[in-house]
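Residues per chain, in single letters:
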Amino acid sequence: MCGQGKVLVALMLTSARDPGIIPRSLQPPEEELSFDSTSIVDSTPSLHVPRTKEVMVNGLPMKVKYCDTCMLYRPPRCSHCSICNNCVERFDHHCPWVGQCIGLRNYRYFFFFVSSSSVLCIYVFAMCALYIKFLMDGDYPSVWMALKKSPASVVLMIYCFLSLWFVGGLTGFHIYLISSNQTTYENFRYRADKRLNIFDQGCLSNIVEVFCNKIRPSRNDFRAIVQDSVLGFSSMNRLQELEDNSGSYPRSKVQDEVDITGEILKISQRGNIEISDEEMGGNTKGFPSFSSDWKSVGAIDAHSKKGVELESA
Ligand SMILES: [Zn+2]
Ligand SMILES: [Zn+2]
């Protein structure tokens, strides 16, 4: 019962915690806005936010992508979950069994859940086998007679054996990921490219980072009253305002509404499809500045010290 309780507590902590959702920005970063003269549609230049921006991680350049849905540049290791429709810090994967994203704030609980499930499966299987052995040592000399005496043990053993393939495999895989400081997403995405893992700080440090680093408080107030602006209309109006203020690109009101509706549709469609993330960069020109807000992100904090050392060396 105690083992089952631990599994259930770990499951609850995994599914009920904020995985590290980054609150959406109400408007695109103004300092990055520029008129895109290359994509002229109907002779009207459109406001354009650069798709990528370069930041330094552990002294190495890394490209981070702009998220159209959340209207922000994703911090390193962050990705937009197409199911939850949110940008999640240190995005690992979306777990359909738990019904939640696995990210920076609930990864260790997810690992406890998976590993304790494996231990529970092994324990139940072993106890059932032991019980069958006791029966055989007693009044039921053959295996067949002992199994017939306790069909529940047979069912449990089959169930645990099958489950162990799944949760045991998952536990082994995540032990490998933790020791090499990778997320499931990075492993699947970058393995084929054979890219350098710039987050790897050595096995012990990687394990300490996952299990011993303090988990930051959530950046979201889920009990706050929803404002109209959260729906994205204010940001669209802001874009509109900026375009109007530029003075030289008048449009008719009807045309604007059609464009805005189209953009909302495009953005929502893109948001549903997009799960792509940052890419390692080679070009050192571009956008070296990194928002001060991002510097507070735990995923970056964990690595920034090493980065500073490398940069200053
Ligand atoms: Zn996003
Ligand atoms: Zn998700």
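Keep in mind the model is a prediction, meaning the values are calculated, not measured.

A word on the UniProt feature "transmembrane region" (unreviewed entry) in the chain
Within this numbering scheme, the UniProt entry marks residues 109-132 and 152-179 as carrying the feature "transmembrane region" (unreviewed entry). Across residues 152-179, helical content stands at 100% and strand content at 0%; the span's end C-alpha atoms are separated by 39 Å.

Comments concerning the environment of C81
Within the element layout of this structure, C81 appears in strand β6 (residues 79-81). Accessibility expressed as a C-beta count within 10 Å gives 21 for C81, which makes it buried. Remark: the alpha-carbon pair of C81 and I21, spanning 60 residues in sequence, is separated by 9.7 Å. Ignoring any residue separated from it by four or fewer positions in sequence, one finds C81 in contact with N86, V88, F91, H94 and C101.

Concerning the confidence of the model for the chain
Summing up the model confidence of the chain, the mean pLDDT is 76 and the portion of residues at 70 or higher is 67%. Low pLDDT (under 50) marks residues 39-43, which in the prediction has three contacts with non-local residues, meaning those over four places away or in another chain. Across residues 247-313, confidence stays below pLDDT 50; counting only partners more than four residues off in sequence or on other chains, it has 83 contacts.

Notes on helix α2 (residues 107-137)
Relative to the 45 Å expected for 31 residues at 1.5 Å per residue, α2 spans 45 Å between its end C-alpha atoms, a close match to the ideal helical length. For α2, the full list of buried residues reads Y107, Y109, F110, F111, F113, V114, S116, S117, S118, C121, V124 and C128.

Rules used throughout
- Residues numbered from 1 in each chain as written.
- Chains lettered and ligands numbered in written order.
- Predicted model: local features only at pLDDT ≥ 70, side-chain atom pairs only at ≥ 80, totals over all residues.
- UniProt positions renumbered as here; feature names shortened; annotations may be inferred.
- Helix = DSSP H or I, 4+ residues; strand = E, 2+ residues; numbered from the N terminus.
- Buried ≥ 20, exposed ≤ 12 C-beta atoms within 10 Å, placed from the backbone.
- Contact = placed C-beta atoms within 7 Å.
- pLDDT = per-residue confidence, 0-100.
- Expected span 1.5 Å × (residues − 1).

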